[in-house]
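Residue-level listing of the chains:
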Amino acid sequence: APDTLQINKSVTFSIGMENNSDSLIHLSGELQVSADWQKYLFKHDIKLEAGQKTFKLSTVRIPITAKSGLFPIIYRVSDLSGKTTDSLLLRVRIPVQKDYEIEAMKIPSYTLSGDSLHCEFFIKNKSNMSIQIKSLPLNHQMIKNNPSFNETLGINQEKKLSFTLFMNSDIYQSQALYISLPVQILYENGDKETHFINFSSQIVPIIYNQKDIYNQLNLSLSTQNRYNRDEYNDSYSLRGDSWLDTGRKNRISFNYSANDMKSELFNKDSRSSVVFQNPHTQFTYGDTGLNLISSKLPGHYGKGSNLSINSRYLYMNLGYVQDLDTYENHYGISLSSRPWRYTSHSFSHTFSENSDLYISVIENQIRINRYLDFDTELAHSYNTLEDKNVLSYDVRWSPSFNRFQLNSRYFFMPKNFLNSGAQKSSMNHVLRFNALSRSFNLFFDQESYQIDQKFRQNEQRYALNINLIKSLFTQIDYKHTNNQYSNSQTNSRELSNNWTYNESFGKLKTDYAASYKYTHSDQSADQFSQSYRSAISYPINRIHLVSASLQFSSQNSTYSRTYINSISSGIAINSLFGQKFSSSLSISNQFYLHQHTELRSNISNSLLWRISDEWNISINSGLSADNQSIYWFTGAGLSCNLSIPLQERRDLLYLKGSLFDQNQNAIERKIIKLNQNLAITNQKGDFIFPSLRPGTYQLDIPDEGDYVFSPALPLTINIKADSLQNIRFIRYPSASIEGTVKLYKPVSNWYLQKEPEFVEAEAYAGLVITAIQGNQIQTTVSDKRGHFKFNQLTSGIWLLKVEQSTLPKNFIPEWTETAIELKSAEHKIISLQLKEKLKKVIIKKIGE
């Protein structure tokens, strides 16, 4: 027999015997193995004449649940009384097998901003040891939380794990969502692996307040009065925005804010602007800035105009502003292109009217999958007065491999780049890796700053950030600073340690933080400072939320023996009264403990009154006090949404509809798709597609879930001139059929049995199965787990057919057609066995 056995396979042992006596012997033989191994033909009745030989066979199948290690296999021979007369001993090894299977379940194709997204994945342990799967931190700009799970799977155990992701609500345009969730696989023998589970969806912002072919003008007027130490001033602002077409592609917005502290309605401090935008263009006039891509370019703000044009592969921005203090004009232009997913190129240029300096920046980025990011930025300044060119550079690269990621940056700017006499350079490195079930971040920074021969500063920083447990983080920083003046030099060293901890106890949310810092300088006394912060929040009920915080900080100088301490606290209560009123009350205090004790207190309250769907009034007031004075402030705001009918034309085409469930209740926040256009149902279940052209459209509801619709979807609609269609959909719970396809093979030496026995071998992927009911036809293919499923089925009799051309060779299905009767909302589970065809076996007896 082989000395190494493979799991999920059979092995046949051949045992030879010879009767060396001079008479008939009658014995029994039995193969003994581990209890969880499968044995076939393991007992033998042996009769041997004198000098006769025989061979006996016994088959053992190693199950997929067999552990690794060294195991004995014993064949015992006994006489008729059961006494052991002889035995054979073999030691066989079952090797370590590390294997698992992870399959991400499909999530909805469309997800609303601000909603939660339910994700599931299937994991099966195919190793011969237990494994542990653990979630790792997920950093994603569209997701507010980190999923958390830690599960252990035994040998051949499978589980379906689920978690919920919460989408950010500040998403204003539809965009693709790609999630690559890192998980850690920890084997029983201590080995670790990192696996990424991928999900994808489309984030759709919630904009469904379209009212037929009406437009909405949103206006908001707010004022604030403040009285402080015999000074009184008013500030006010007016904001508004409106769509300019029923397709909601062109938008205009404006704002104006001012302060009449000098009894002047319009002055230099007032701010106003108008913005026009559509999907690919934005034009701003008024108070604006030069929106340049590179941070190396000096920023300019004032009154002027700015134009942005963007497309899939190109982004352009150009504009000018006038400084209100010097009345100098500044001009700038930026271009950025992304010809394919792994590269991007940028160019920026700026100059000023009364300056001799022209500055340009060129940037190139190369990304090779997720293993390497390389970014170079070259800045160029040209002085027309001195006819001098000066260059600065900024290079970044981020290699990533397995569990390690390195981010490095090298930056240098000569002193005559901006004619300021200041020279800068920096070198920054960050190494991130996971070890011992923890995440580590190592930082090394070196900064240099010099102004001619007057001042020079060198700074080095080392830091370590560790995620100790799920909610506990700590960071240690060491910073060394060297300052050189014209006639002096100082050195300082700073050591700091920060801790943060966040935990939830049901509804109670807690947040804690602590920081310590020690500073040593050649020219001043040593200093030690510390601070502590604690905050909690608890929703009392559906309409009341209470949050509180307490913070303590202290700082002392060992040289002067003086201590500066402060304590701050705060509490906030948010309340909702019915559908019309909401209130927010906050109280905060700050108490300073030193030679002159000082207490500062603030109380503020805001009320919101929703008069109707179109009108809202807000009022806020407060009081602030310290040891010297007390001042108060009040404010009021008025906002309205005005529905303005746009020009109605007889050739205007639009499609209206509504969605209800079987109990005639409106279904809100459901995405409706018309070709590539999207709409969302409102609280009344209504939706609208405005500004359509004549033609044929396909209407569908993505991610129907376990529902079917009447009329059936997808629905083909022909929209003609003067077509004002209105469609009503009813949603009903759907039925479903779920099943598995598995291969069954005969055991070894099946031909020696009266009835051949089959055992499960593996799942079969790629079998095509079709479900038919009248004109409704659905087709699916079994996956690598052998799983198949039919969703959104109506009640009635469905005929399931197997596409025989997709059957594996030499296998026969349990059925090729079967009829299944379904009731409304019924879920049926079936199985399909594919058995291997038995080969013809001829057994001949040779000799006597």
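Residues numbered from 1 in each chain as written. Predicted model: local features only at pLDDT ≥ 70, side-chain atom pairs only at ≥ 80, totals over all residues. Heavy atoms only, no water.

Novice: Could you clarify how one ought to interpret the overall build of the protein chain in this entry?
Specialist: Helix and strand counts for the protein chain come out as 0 helices and 58 strands. Within the span of the protein chain, comprising 848 residues, buried residues form 36% of the whole. Counted over contacts in the protein chain with a minimum sequence separation of 6, partners at least 24 positions apart contribute 50%. Only carbon and sulfur atoms are counted for the fraction: they give 51% of the accessible area of the protein chain, which is about 49,100 Å². (Helix = DSSP H or I, 4+ residues; strand = E, 2+ residues; numbered from the N terminus. Buried < 20%, exposed > 50% of the residue type's maximum accessible area, 1.4 Å probe, protein only. Contact = heavy atoms within 4.5 Å. Areas by Shrake-Rupley, 256 points an atom, 1.4 Å probe, with all protein chains shown as cover.)

Novice: It is not clear to me how the pattern of salt bridges should be interpreted in this structure. Could you clarify?
Specialist: Close approach of charged atoms allows side chains with opposite charge to pair. Following the criterion strictly, the structure yields 16 salt bridges and no others. Glu151 is the partner of Lys159 in a salt bridge, and the nearest nitrogen-oxygen pair spans 3.0 Å. When its relative accessible area of 23% is taken as the criterion, Lys159 is described as partly exposed. In this structure Glu151 comes out as partly exposed when scored by relative accessible area, which is 28%. Residues joined by salt bridges that share partners form a network here, namely Asp375, Asp394, Arg396 and Arg409. (Salt bridge = Lys/Arg side-chain N within 4 Å of Asp/Glu carboxyl O.)

Novice: How should the nonpolar core be read in this particular structure?
Specialist: For soluble globular proteins, the rule of thumb is that nonpolar side chains tend to be buried together. In terms of nonpolar packing, the biggest core is built from 29 residues, with Ile102, Phe121, Ile123, Ile133 and Leu165 touching the most fellow members. Only β8 (100-104), β10 (116-125), β11 (131-135), β13 (158-166), β14 (175-187) and β15 (192-204) provide two or more residues apiece to this core. Ranked by residues supplied to this core, first place goes to β14 with 6 residues. Those residues in contact with Ile133, other than ones at most four positions away along the chain, are Ile102, Phe121, Ile123, Phe149, Asn150, Glu151, Leu153, Leu161, Val183, Gln184 and Ile185. The next biggest cluster of nonpolar side chains, apart from the first, holds 22 residues, and it includes Val741, Tyr764, Leu793 and Phe811. (Core = buried A, V, L, I, M, F, W, Y, C linked by side-chain atoms within 4.5 Å.)

Novice: I keep staring at unusual backbone geometry and nothing clicks. Help me out?
Specialist: In most cases, non-glycine residues show a negative phi, while peptide bonds are predominantly trans. Cis peptide bonds are those with omega within 30 degrees of zero, and the linkage from Ser710 to Pro711 qualifies with 0°. Looking at the secondary structure, you find Pro711 in the loop between β47 (707-710) and β48 (715-719). Geometrically, the link from Leu713 to Pro714 is a cis peptide bond, its omega value of -5° lying close to zero. With respect to the helices and strands, the residue Pro714 is situated in the loop between β47 and β48. In this structure, Gln792 is a non-glycine residue whose phi angle is positive, near 50°. Summarising the element assignment, Gln792 is placed in strand β54 (residues 787-793). Using a relative accessible area of 23% as the deciding quantity, one classes Gln792 as partly exposed. Unlike most non-glycine residues, Asn810 shows phi in positive territory, near 70°. In this fold, Asn810 is placed in the loop between β55 (796-802) and β56 (811-813).

Novice: Would you mind going over the sheet that holds β55 with me for this structure?
Specialist: Hydrogen bonds along the backbone pair up the strands of a sheet, which may run parallel or antiparallel. Taken in spatial order, the 4 strands make up an open sheet running β53-β52-β55-β57, and their pairing is antiparallel. At either end of the open sheet lies a strand with only one pairing partner, and these are β53 (776-781) and β57 (817-822). On average, each strand axis in the sheet is tilted by 25° relative to the strand beside it, whichever way the strands run. Bridge analysis of strand β52 (residues 768-773) against β55 gives 4 bridges, and the strand direction is antiparallel. Each bridged residue has a counterpart across the sheet, and for Ala771 the counterpart in β55 is Leu800. (Pairing = 2+ DSSP bridges. Axes fitted to C-alpha atoms, helices over the stretch in contact; angles between N-to-C directions.)

Novice: Which parts of the structure should I look at to understand the sheet that holds β14?
Specialist: Here we have 5 strands laid out as an open sheet, ordered β9-β15-β14-β11-β12, and mixed in their pairing. The open sheet is flanked by β9 (110-112) and β12 (150-153), the only strands paired with a single partner. Across the sheet, the axes of successive neighbouring strands diverge by a mean angle of 35°, strand direction being ignored. Of the strand pairs in this sheet, β11 and β14 are connected by 5 bridges, and their pairing is antiparallel.

Novice: Help me understand the environment of Ser583, please; the structure alone is not making it clear to me.
Specialist: Note that Ser583 resides in strand β38 (residues 581-593). Separated by 24 residues in sequence, Ser583 and Leu607 have C-alpha atoms that sit 4.6 Å apart. Once residues lying within four places of it in the same chain are set aside, the contact partners of Ser583 are Ile573, Asn574, Ser575, Phe577, Asn605, Ser606 and Leu607. In this structure the side chain of Ser583 is engaged in a polar contact, spanning 3.5 Å, whose partner is the side chain of Asn605. (Polar contact = N/O pair within 3.5 Å; in protein donor to acceptor, adjacent residues only side chain to side chain.)

Novice: I would appreciate a short explanation of the side chain of Ser392 in the present structure.
Specialist: Turning to its location among the elements, Ser392 is positioned in strand β27 (residues 388-401). Ser392 sits in the buried class, given a relative accessible area of 3%. Once residues within four sequence positions are removed from consideration, Ser392 is found in contact with Glu377, Leu378, Ala379, Phe412, Met413, Pro414 and Phe417.

Novice: Would you explain the packing of aromatic side chains in this entry?
Specialist: Geometrically, a pair of aromatic rings is defined through the distance of the ring centres and the angle of the planes. Evaluated as defined, the whole model comprises 17 aromatic pairs. Considering the side-chain rings of Phe163 and Phe199, the 6.0 Å spacing of their centres and the 85° angle between planes classify their relative orientation as edge-to-face. Of the two residues, Phe163 is situated in strand β13 and Phe199 in strand β15; the sequence distance between them amounts to 36 residues. Taken as a pair, Phe163 and Phe199 share a single burial class, namely buried. Here the aromatic rings of Phe455 and Tyr485 are separated by 5.3 Å at their centres, their planes lie at 50°, and the arrangement is tilted. Of this pair, Phe455 sits in strand β31 (residues 455-469) while Tyr485 sits in the loop between β32 (472-484) and β33 (489-505), and the two are 30 residues apart along the sequence. Taking relative accessible area as the criterion, Phe455 reaches 19% and is therefore assigned buried. (Phe/Tyr/Trp six-rings, centres within 6.5 Å; stacked < 30°, edge-to-face > 60°.)

Novice: Before we go on, may I ask you to explain a nonpolar patch on the surface in this structure?
Specialist: Among the surface-exposed residues, Leu221, Leu238, Phe577, Phe581, Trp609, Ile611, Trp615, Leu638, Leu642 and Ile644 lie close enough to one another that they form a single nonpolar patch of about 850 Å² accessible area. For the nonpolar patch, the element with the highest residue contribution is strand β41 (residues 630-645), accounting for 3 residues. Within the secondary structure, Ile611 sits in the loop between β39 (598-610) and β40 (615-625). Since its relative accessible area comes to 35%, Ile611 is described here as partly exposed. (Patch = residues over 30% accessible without salt bridge, like charges linked within 9 Å, V, L, I, M, F, W, Y side chains within 5 Å.)

Novice: I'm lost on the pairing of strand β45 (residues 686-692) in this one. Help?
Specialist: For a regular strand, side-chain orientation follows a simple rule: the groups alternate between the two sheet faces. The buried fraction of β45 is high, at 5 of 7 residues. Note that strand β42 (residues 653-661) and β45 share 5 bridges and pair antiparallel. Residue pairing in the sheet places Leu653 in a bridge with Leu692 of β45.

Novice: Explain the environment of Leu495 here, please?
Specialist: With respect to the element layout, Leu495 can be found in strand β33. Classification of Leu495 by relative accessible area gives partly exposed; the value is 43%. Not counting residues within four places of it along the chain, the set of residues in contact with Leu495 comprises Ile476, Asp477, Tyr478, Tyr516, Lys517 and Tyr518.

Novice: Would you mind showing me how to read the confidence of the model for the protein chain here?
Specialist: Any residue range with low pLDDT should be treated as having predicted coordinates unsuitable for detailed reading. When pLDDT is averaged along the protein chain, the result is 82, and 90% of the positions lie at 70 or above. For the protein chain, per-element mean pLDDT is lowest for strand β36 (residues 544-557), which scores 67, and highest for β52, which scores 93. (pLDDT = per-residue confidence, 0-100.)

Novice: Please clarify how the side chain of Asp661 should be interpreted in this entry.
Specialist: Of note, Asp661 is situated in strand β42. One buried charge, Asp661, has no salt-bridge partner; the nearest side chain with opposite charge is Arg731, at 5.4 Å. Of the polar contacts made by the side chain of Asp661, one reaches the backbone nitrogen of Asn665; its length is 2.7 Å. Here Asp661 is in contact with Ile667, Ile730 and Arg731, once residues within four sequence places are set aside. (Lys, Arg positive; Asp, Glu negative; His and termini not counted.)

Novice: Just checking my understanding: could you explain the environment of Ser584 for this structure?
Specialist: Among the structural elements, Ser584 can be located in strand β38. Taking the C-alpha atoms as reference points, Ser584 and His544, separated by 40 residues in sequence, lie 9.6 Å from one another. Not counting the four nearest positions on each side in its chain, Ser584 is found in contact with Ile573, Asn574, Ser604, Asn605 and Ser606.

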